[in-house]
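# Per-entry structural report
The chain contents come next:
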Amino acid sequence: MPKTGPLSALTLAAALVALSACAEGDVEVTAQDDFPNTGIEMVIPYPPGGGSDELFRMMARHASEELGVEITPTNVDGATATVGSRQVLDSTPDGYTILASHQVISGAYHNEIVDYGFESFEPIALGTVTPHLPSISTEFAQEHGIEDLQDFLDHVEANPDDVNWGFTTGSEDHYSIAAILDGAGLDPGSLNYVNYDGTGPQYAGVVAGEIQGMTGDYASAQGYIEDGSLMPLGIVAEDRDDNLPELLTVEEQGVDHTLTVDRGFFAPEGTPEEHIEVIAEAFEAAINSPDFQEEVEAAGSYAHFLGPEEYQDHLDDLDEAMASLADEMQEF
Amino acid sequence: MDLVHILDAAGEILAPMTLLSIMLGVFFGIIAGSIPGFTFTMALVLAFPFTFAMGPIPGLALMVGIYIGGLSGGLIAGTLLGIPGTPSSVVTIFDGYPMTKNGEPARALGIGIGASVIGTILGAIVLFLLGPLIGRLTLNFGPWEIFSLVLFALTLVAGLSGDHLVKGLISGLLGVLIAMIGVAPTGQLRFNFENPQLHGGLDAIPVLIGLFAVSQLLINVEESRVDTRGTGSVHKIRLPVPRVLRDLWREKVNVGRSSMIGTFVGTLPAAGAESANFISYDRAQKAEKKEPERYGKGHPGGIVASEASNSSVAGGAFIPTISLGIPGDVAQAIMMGALILHGIAPGPGLFEREPVLVNSVYLSIIVAAVGVLIIQTLLLPFLARVTLVPKAVLVPSVLVMTAVGAFALNNRTFDIWLVLVFGVIGYFLVKLGVPLPPMILGLILGGTMEQSLIRALQIDDQVSAFITRPISGIFLALALASLIFALCRGIRGTQRRLQESSDQGTPEQDDDADGSEAETSHLTDTRTT
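The sections below set out a description of the structure shown in this document.

Here is what the cut-offs are and how they apply
- Residues numbered from 1 in each chain as written.
- Chains lettered and ligands numbered in written order.
- Predicted model: local features only at pLDDT ≥ 70, side-chain atom pairs only at ≥ 80, totals over all residues.
- Heavy atoms only, no water.
- Helix = DSSP H or I, 4+ residues; strand = E, 2+ residues; numbered from the N terminus.
- Buried < 20%, exposed > 50% of the residue type's maximum accessible area, 1.4 Å probe, protein only.
- Contact = heavy atoms within 4.5 Å.
- Areas by Shrake-Rupley, 256 points an atom, 1.4 Å probe, with all protein chains shown as cover.
- Pairing = 2+ DSSP bridges.
- Axes fitted to C-alpha atoms, helices over the stretch in contact; angles between N-to-C directions.
- Patch = residues over 30% accessible without salt bridge, like charges linked within 9 Å, V, L, I, M, F, W, Y side chains within 5 Å.
- Salt bridge = Lys/Arg side-chain N within 4 Å of Asp/Glu carboxyl O.

### Observations regarding the overall build of chain A
- In terms of helices and strands, chain A carries 12 helices and 11 strands.
- With 332 residues in all, chain A has 58% of them scored as buried.
- At a minimum sequence separation of 6, the contacts of chain A that also span at least 24 residues come to 76%.
- As presented, chain A carries roughly 13,100 Å² of accessible surface, and 46% of it is formed by carbon and sulfur atoms.

Here's what the structure looks like:
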């Protein structure tokens, strides 16, 4: 073996450094007025294949047609959706990099996973709302004669820490169940919380009897509800859902909680207002188109457009609600 | 299972356009699987929009094609360059690369393709016959069982480190340590060193590329001083069909066993392909009676064990997806997503509601396996030519590819740095004689192990449940047995080394130590020659 070996190896290493440095340079924005003149990158902070990923890709596809340039979704997942949000936050605020996300931004902040929340982003548009379905396994329901949300809450009150509840730390389902218990005057910590990475494994946990309850949504829970293994306790929304017309809202059952999962788009702080307007208009046209609405309803969600200002107000309310429960959520 | 549904499904799958889309899928899957850093998951994401325009069955068939092609594609780079194209082809390089170095790249590829195709078909048959049954059985695998299974798989590290048990342990535990970086399953951040890029943890693939590819390339650079030509010779790049068939026939038990391990372990979400691979290799090596010392030096059985199990995983992975609606990995989740967008809700009732669709999944797996056989065999003479390329040309080209691949994975430049850093780490570890495979095993399975442990304890804080639950207990016992076995062998190895150093020059060949010596050599010798 020649003595010069490691030296050449170092040269090679240097080449790799140079290569990675090249990729780091950002494309500078040219003119202000012809925005957008090239494709827009949309960061989805979740892995491909989940509910969020599907809805965001659907919106990107429809909005691309309106915008005239391609909105390219890229999945950057990890760390309660903060790897992706951080990447957008650190990008050049020119409108060419946007984040597709929902209240997990605030959830991650209040769970102290990151030190930034909604305020570090400029809201562009709200796109879809998805109602949560807090559900329990049918087996458990029959065993304890639970027929609705109130029965369940009574059971939890009488037997704290008896029910294993699946959740994802700092995620929106974490908040949803905490808000329901809190709204009913119970300690949000009176369930025995079990952490799962996303809702897919939670369904597996329910079917296998590891956990008795979880928070799902219609698109993913449909199969389990029809097959009789899962029983939704109520729907978290202002109104009942056409897919499950018999199911009462949580509010109808006496718990004041109507917060849906609101999926929308964000730009890093400092993005020019005109650019945000241009993107928001494209989303408005896309989201209000009958084609899109049909597609999204088949996937168990609803199209609901809000422009930058209304969305900001909505986020302020949302953040306030989530902040009020932050301490209790930290405990489990 | 109604014959009518099977015939209907056959009608759908054998339609010319559907067949064409499966073949296209297989082709692009192979390409994606063969480039380190590119994964078939990426190819699936890219294909996703195209499936909108297709019906649910042709759309799904396209995705199945990509999936099966991708699973088999990993063997190409692994066999020819010693660089695993996918995490589940790490084991393929143990014997595939040495065989290439011995001047038989076409034979190595041929065995890999053969085992891969047979494994895929066997996996599909199990899925067809026993799918719903196994689906129900997997529900018995709670976090306790997954934890114990993964622990068992991790103890196989010992088998991968031969005489140098301590070095193997160092490597394996380093892997587990790296897996701990980022947000813990309980929501706390750890080992992040104030660097936000570390919050999500390190992706296994850039680390894998760094450890295996870049370190290998750095070693190739050293070698390029002495040998500017590739290792192959022109007449060896033709596929030696009779030879390969003879090899496969000799390994028929191995093919069957590895395929079954792949299928069953593949059904378990998150434990999947990688553990199956290591377990099959370990079994194959222990079962070999005639020449166990050839394992790690280019034994056909090693390639067979790895490729049969990592391809049969496909059949297994579809079981929870179809019978329970629970995707075991990202690739399955994407395919499920495509179904949802076509208005088909996956879940326990899918068999009754969509019998034709379910049967066409089985059939497309088998058609895709045939596609792999045809396309890989046709590509083989071209691919094998890679071994003729001078290293001075090959090394930089592969390096650029790996950097691009690492970036494309998560669109982060940070991942390119990871490749570089782990390339240098891997280079030094190889020089120190520390085996790399245990590190990968630790990295890939460490996270799953921790998550299962925490989940089990969140459900029930009784530690005894790990022993009293029968399946979990069995795996723990196996883990213990595997440790004791390795310890005994480790002690014997040390004794022998001591003896050798005391009576210099007369190294007495101790018969039962041969196996372990061979194992050491495949992890160190092949990389330093």
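### So, the sheet that holds strand β4 (residues 121–130) of chain A
Residue and element names in this part refer to chain A.
- The mixed open sheet is built from six strands, whose spatial order is β2-β1-β3-β10-β4-β11. At either end of the open sheet lies a strand with only one pairing partner, and these are β2 (71–75) and β11 (302–306). Here the strands of the sheet are splayed against their neighbours by 25° on average, with no regard to which way each runs.
- Examined bridge by bridge, β4 and strand β10 (residues 261–268) share eight bridges and lie antiparallel to one another. Opposite Glu122, over in β10, you have Ala267 as the bridge partner.
- Packed on one face of the sheet, helix α3 (residues 82–89) meets β1 (40–44), β3 (97–101), β4 and β10 and runs near 150° to β3.

### Topic: the sheet that holds strand β8 (residues 213–217) of chain A
- The strand order β7-β6-β8-β5-β9 (chain A) describes an open sheet built from five strands, whose pairing is mixed. Single-partner strands in this sheet number two, and they are β7 (192–195) and β9 (230–232) of chain A. Shown here is a sheet whose adjacent strand axes are inclined to one another by a mean of 40°, direction ignored.
- The pairing of strand β6 (residues 164–167) of chain A with β7(A) spans four bridges and is parallel. In the strand pairing of β7(A), A:Phe167 is matched with A:Asn195.
- Each of β6 and β7 of chain A touches helix α20 (residues 437–459) of chain B; the most contacted strand, β7(A), lies at about 165° to it.

### Considering a nonpolar patch on the surface
- A cluster of nonpolar side chains, B:Met17, B:Leu20, B:Leu24, B:Phe27, B:Phe28 and B:Ile31, forms an exposed patch at the surface whose accessible area comes to about 580 Å².
- Mapped onto the elements, B:Leu24 comes out in helix α2 (residues 16–34).

### Some details on the pairing of β4(A)
Residues and elements named next belong to chain A.
- Burial runs high along β4: nine of the 10 residues are buried.
- Pairing between β4 and β11: three bridges, direction antiparallel. Residue pairing in the sheet places Leu126 in a bridge with Leu306 of β11.

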